Number of protein chains: 2
Amino acid sequence: MKDWPIGIFDSGVGGLTVYRAVKKLLPNEKIIYLGDTARIPYGTRSPSTVKRYAHQDAAFLIKYSVKMLVIACNTISSVAIESLKLAFSVPILGVIEPGAKRAASITRNGRVGVIATEATVESDAYKIAIKACQPEIDVFSQACPLFVPLAEEGWSSHHVTKLVAQEYLKPLIDQKIDTLVLGCTHYPILRNIIQEIVGKNVTLLDSGECVAAEVVDLLQQQKAFASSKNGDDLFYVTDSGKRFRRTAELFLGEELKNLTAVDIWQTDTTANVLGSLDMLTELSDIH
Amino acid sequence: MKDWPIGIFDSGVGGLTVYRAVKKLLPNEKIIYLGDTARIPYGTRSPSTVKRYAHQDAAFLIKYSVKMLVIACNTISSVAIESLKLAFSVPILGVIEPGAKRAASITRNGRVGVIATEATVESDAYKIAIKACQPEIDVFSQACPLFVPLAEEGWSSHHVTKLVAQEYLKPLIDQKIDTLVLGCTHYPILRNIIQEIVGKNVTLLDSGECVAAEVVDLLQQQKAFASSKNGDDLFYVTDSGKRFRRTAELFLGEELKNLTAVDIWQTDTTANVLGSLDMLTELSDIH
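Residues numbered from 1 in each chain as written. Chains lettered and ligands numbered in written order. Predicted model: local features only at pLDDT ≥ 70, side-chain atom pairs only at ≥ 80, totals over all residues.

This paragraph deals with the overall build of chain A. Along the backbone of chain A there are 12 helices and 11 strands. Taking 2.2 N^0.38 as the reference for a compact globule, 287 residues should give roughly 19 Å; the C-alpha atoms of chain A span a radius of gyration of 18 Å, in line with that estimate. Buried residues in chain A amount to 52% of all 287 residues. Put simply, 76% of the contacts in chain A that link residues at least 6 apart link residues at least 24 apart. (Helix = DSSP H or I, 4+ residues; strand = E, 2+ residues; numbered from the N terminus. Rg over C-alpha atoms; globule rule 2.2 N^0.38 Å. Buried ≥ 20, exposed ≤ 12 C-beta atoms within 10 Å, placed from the backbone. Contact = placed C-beta atoms within 7 Å.)

What follows is the structure, encoded as structure tokens:
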């Protein structure tokens, strides 16, 4: 089982920053990545819809005998992780808890900022998780809906992005935060601009890097490191890979191999969990 | 049949600019609007995915005995209208052809600009439709992926939007266009800023207003105007209506009544066309 792959999933391309962080610490592990690009973004959807999609995503990866699942998406982690843990028996790590634990341990003045999608901010998931570590910490959250399209447009050092960042981050700077959680997996792409706006005295926490460290801990505890590199990583998307490939190569800085478009929503969650065989259907044109 | 409602659908809230334009010309008609908010945006998805979603949207409205369908979305109009016309027998109007015809008839210098989503631009639908009217017209297209999130963020007069518009519109201004088609139903929300950037000598064409005029023509031809106002308009969304309501009220400038969340994707296109009874299921939490 230790040579089984690690499954990582996200609503799209943002989770590749988590993939990158895991890969950096664990180059020997084989990773299967799913980006649900046909239904991105999750960040503006209702909790019940996010849960339904997340169950379909997880069920798809479970079919590949993964040894653990990493939810590389703050929205899914904030609204669906408990429900996923009930449904699936492999270990499941989300990005909220590792980021929250790290934020609570490093803040010096007890004032932590969180930037995320609307859904993550509305869920209060970071605030709850940080206060579970240190109840006296003040947490200030800010939704930044334009950051994802700006990152995907490749405007990571554009003056427009700087202006948008100034507007979104001002309330957090006014609150004198000393730690800022990048609570959406797209945001590390804009890290340089965000750091420039908040100043060098504010520590930025990349939720992907935090969860990658927990993946290492978990594999260590379970003595489950891969014995040797077992084939290339695989990337699946639920819509045409063209746009994903372009943005992915922008995010990863290298060519993407082994990218396949699949259909995961023809069957419902129960059927997936029970092991439906028709889940992996190549996308075909209905015209 | 003339007292049947008109069905209008879009991937989300953008099509409300078409709803508004139809309503302005035809206040007596009852309209049923569907926004597929659970799967917005369509503009960055592959043609086969857009077609599949569009068939589900249309099949949902057909169940309400609509006398015609208006596709209030440029992406769907550009990639799926022919496929929809094959599948459904009610008259179907898209936004591309009316906008293209109008652009071809009003340009004085034969240089027309089109701004739209990536999918619409890549489909070349406007260029093909405009050249079908007047082959000698030069058409210059520009994808503006940040306009939709900016409109939905309510930043319709924000200086950031002005900077983004300057960047996107510069190549079209350089081409000395005299007519600019707003080829995405969200863009009329940013009309003032776009007009300011391109200057008053460039005529802006709102594709929603163009299709509304064709709806009037078609009802006139078919002598199918409603004899009297037959109940309130109905609005359906496929995800929680909270965000839709907020943006819709921003777009329409009034309170939205009769908004219901429905599930349209449990059955496949064939089942919908044949009349599946379980299509209209209230969204429920799967946890």
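Bringing the pairing of strand 3 (residues 68-71) of chain B into the picture now. Residues and elements named next belong to chain B. With 4 bridges joining them, strand 1 (residues 6-10) and strand 3 adopt parallel strand pairing. Across the sheet, Ile6 pairs through a bridge with Met68, a residue of strand 3. As defined by bridge partners, strand 3 adjoins strand 4 (residues 92-93) across 2 bridges and the pair is classed as parallel. Each bridged residue has a counterpart across the sheet, and for Val70 the counterpart in strand 4 is Leu93. Regarding topology, helix 3 (residues 74-87) serves as the crossover connection from strand 3 to the parallel strand 4, and that connection is right-handed. (Pairing = 2+ DSSP bridges. Right-handed = clockwise from strand over helix to strand, strands pointing away.)

Bringing helix 1 (residues 16-25) of chain B into the picture now. Three or more residues of helix 1 of chain B are buried, namely Leu16, Thr17, Val18, Tyr19, Ala21 and Val22 of chain B. Among the structural elements, strand 1, strand 2 (31-35), strand 3, helix 10 (207-221) and helix 11 (241-252) of chain B are those in contact with the buried residues of helix 1 of chain B.

Quick look at unusual backbone geometry now. Across the junction of Ile40 of chain A and Pro41 of chain A, the peptide omega takes the value -5°, indicating a cis bond. One can find Pro41 of chain A in the loop between strand 2 (31-35) and helix 2 (47-62). Even without being a glycine, Lys223 of chain B presents a positive backbone phi close to 45°. Along the chain, Lys223 of chain B falls in the loop between helix 10 and strand 9 (234-237). Classification of Lys223 of chain B by C-beta neighbours within 10 Å gives exposed; the count is 7. For Asn258 of chain B, which is not glycine, the phi torsion reads 55° and is therefore positive. As for its position among the elements, Asn258 of chain B is in the loop between helix 11 and strand 10 (259-263).

By themselves, these figures tell us nothing about what the structure is for.
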